[in-house]
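Examination of the molecular architecture
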Amino acid sequence: MFGYIVPRECELKVREQAAYKCAYCGLCKSIQRHYGPLSAGCLQYDCTFLALLLGSLAGEKGESRPCRCLHRWPDPRRRYRLESPSLHFSAAVNVLLAYYKCLDGQKDEHALKDRAGALLLAGAHKKAAAEFPQVEEAARLYMQAQARAEEAHAGPDEAAHPTGVFLRRLAALAPGVPQEAQRPLDWLLYHLGRWIYFMDAWDDLEKDRQSGAFNPFLTESRETAAFCIHSAMSQCRQAASLLPLTRDRGLIENILELGCPHRAVALLGQTPEEDKKLEERDESL
């Protein structure tokens, strides 16, 4: 996960903004508690969304306490969400993905930051893998499948498939997900994984063009990339509408309906007219 899944803050209600910050700080606390303070440096917005989504589906109460973190001292009202199975699970996913991302980055001979990151996260990775071996196996298989897709110079859909499969696997492994939510959650997470991959690929396009690294959009137009991104998010929104969310529904809807699309439009450099045409094209399929 790469930090693209964020809310549209200017459209949030005050209580929703407070709930998001509370979940973000709660995930940070969970990472530190289970995997050490250094591991908190890999905290991702994407895993904050995962924690919000899973916590809502599991019916967790979302109790909180004042946050006394040195990074948050200017905001005396800041709170953090207390430890829960969903937070612990999301913290492990965050650490495992960050570790494997660092390993993948070491392929670049100049990636000293990734080498250092892998060393710093080695102990946290070992503990997370022991606590959640099935998530560790899914992450390892995901990285292998992704490497094969890149070696085969796969097209956008084929290249995005491993990320979707990995996130879909999390739906079956996450704690507390009710049976009636399983299928729509599978659907949501699969297409969310594809959306993340497409966003990251377009974001890295010029860097990969210059370095000669694989990127499925190197031979594709911006319109094709935009259609891939918007179609994947459209599928996410349809799946989310079927989920029995018990808490933070407005916040989760804001992220999927406003935050992620706004981030995509900004990344693609689209005009409002182009965005509207893509939505109409997607609805006509």
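Remember, it's a predicted structure, so these values are computed and weren't measured experimentally.

The rules behind these values
Residues numbered from 1 in each chain as written. Predicted model: local features only at pLDDT ≥ 70, side-chain atom pairs only at ≥ 80, totals over all residues. Heavy atoms only, no water. Phe/Tyr/Trp six-rings, centres within 6.5 Å; stacked < 30°, edge-to-face > 60°. Axes fitted to C-alpha atoms, helices over the stretch in contact; angles between N-to-C directions. Helix = DSSP H or I, 4+ residues; strand = E, 2+ residues; numbered from the N terminus. Parallel < 35°, antiparallel > 145°, perpendicular 65-115°, else oblique. Left-handed = near helix turned anticlockwise from the far one by under 90°. Contact = heavy atoms within 4.5 Å. Nonpolar A, V, L, I, M, F, W, Y, C, P; charged D, E, K, R; others polar. Disulfide = S-S within 2.5 Å. Expected span 1.5 Å × (residues − 1). Bend = angle between axes of the 7 residues up to and from the residue. Buried < 20%, exposed > 50% of the residue type's maximum accessible area, 1.4 Å probe, protein only. Core = buried A, V, L, I, M, F, W, Y, C linked by side-chain atoms within 4.5 Å. Salt bridge = Lys/Arg side-chain N within 4 Å of Asp/Glu carboxyl O.

Further remarks concern the packing of aromatic side chains. Summed over all chains, the structure comprises 7 aromatic pairs. Ring-pair connections join several aromatic residues into one group, and the members of that group are Y197, F198, W202 and F217.

Another aspect to go through is the packing of helix α7 (residues 182-203) against helix α10 (residues 249-268). Contact geometry for α7 and α10: axes closest at 10 Å, N-to-C directions at 25°. Comparing their axes, α10 and α7 come out roughly parallel. Taken as a pair, α7 and α10 cross one another with a handedness that is left-handed. For the pair α7 and α10, the contacting residues are L188, W195, M199, W202 and D203 in the first and L256, C260, R263, A264, L267 and L268 in the second. For the contact of α7 with α10, a count of residues per class yields 9 nonpolar, no polar and 2 charged.

A covalent bond bridging the sulfur atoms of two cysteines is what the word disulfide describes. Summed over all chains, the structure comprises 0 disulfides. Here C22 is not cross-linked by a disulfide; its sulfur's nearest cysteine counterpart is in C25, at 7.4 Å. The thiol of C67 is unpaired, and the distance to the nearest cysteine sulfur, on C25, comes to 4.3 Å.

The terminal C-alpha atoms of helix α4 (residues 112-131) lie 29 Å apart, and with 20 residues this matches the ideal 28 Å at 1.5 Å per residue to within 8%. At A122, α4 shows its maximal bend, which comes to roughly 50°. Regarding α4, the residues found buried are G117, A118, L121, A124, H125, A128 and A129. For α4, the secondary structure elements touched by its buried residues are α1 (14-35), α3 (85-105) and α5 (133-151).

A word on unusual backbone geometry. Residue H153 is not a glycine yet carries a positive backbone phi of 50°. Topologically, H153 is positioned in the loop between α5 and α6 (156-173). With a relative accessible area of 62%, H153 lands in the exposed category. Positive phi values are uncommon outside glycine, yet D248 reaches one of about 65°. By the element assignment, D248 lies in the loop between α9 (222-240) and α10. Judged by its relative accessible area of 15%, D248 is buried.

Attention now moves to the nonpolar core. Residues L53, F89, L170, L185, L192 and W195 are the most contacted members of the largest nonpolar core, which totals 89 residues. Broken down by element, the residue count for this core peaks at 12 residues, all from α3. Setting aside its immediate chain neighbours within four residues, L170 contacts L50, F89, V93, V135 and L189.

Quick look at the environment of P76 now. Take P76: it is sitting in the loop between β1 (64-66) and β2 (79-81). When the C-alpha atoms of P76 and K207 are compared, they prove to be 41 Å apart, with 131 residues separating the residues in sequence.

The next thing to look at is the pattern of salt bridges. This structure, assessed with the given rule, holds 7 salt bridges. In this structure, the salt-bridge partner of E83 is R33, at a minimum N-O distance of 2.7 Å. Within this pair, whereas E83 is found in the loop between β2 and α3, its partner R33 is found in helix α1, the two being separated by 50 residues in sequence. A relative accessible area of 32% means that E83 is categorised as partly exposed. K207 serves as the salt-bridge partner of D204, at 3.8 Å between the closest nitrogen and oxygen. Under the relative-accessibility criterion, K207 is labelled exposed at 52%.

Looking now at the environment of L52. Positionally, L52 belongs in helix α2 (residues 45-58). L52 sits 132 residues away from P184 along the chain, and the two C-alpha atoms are 16 Å apart. With residues up to four places along the chain from it excluded, the contact list for L52 reads Y20, A23, R81, D248, L251, I252 and I255.

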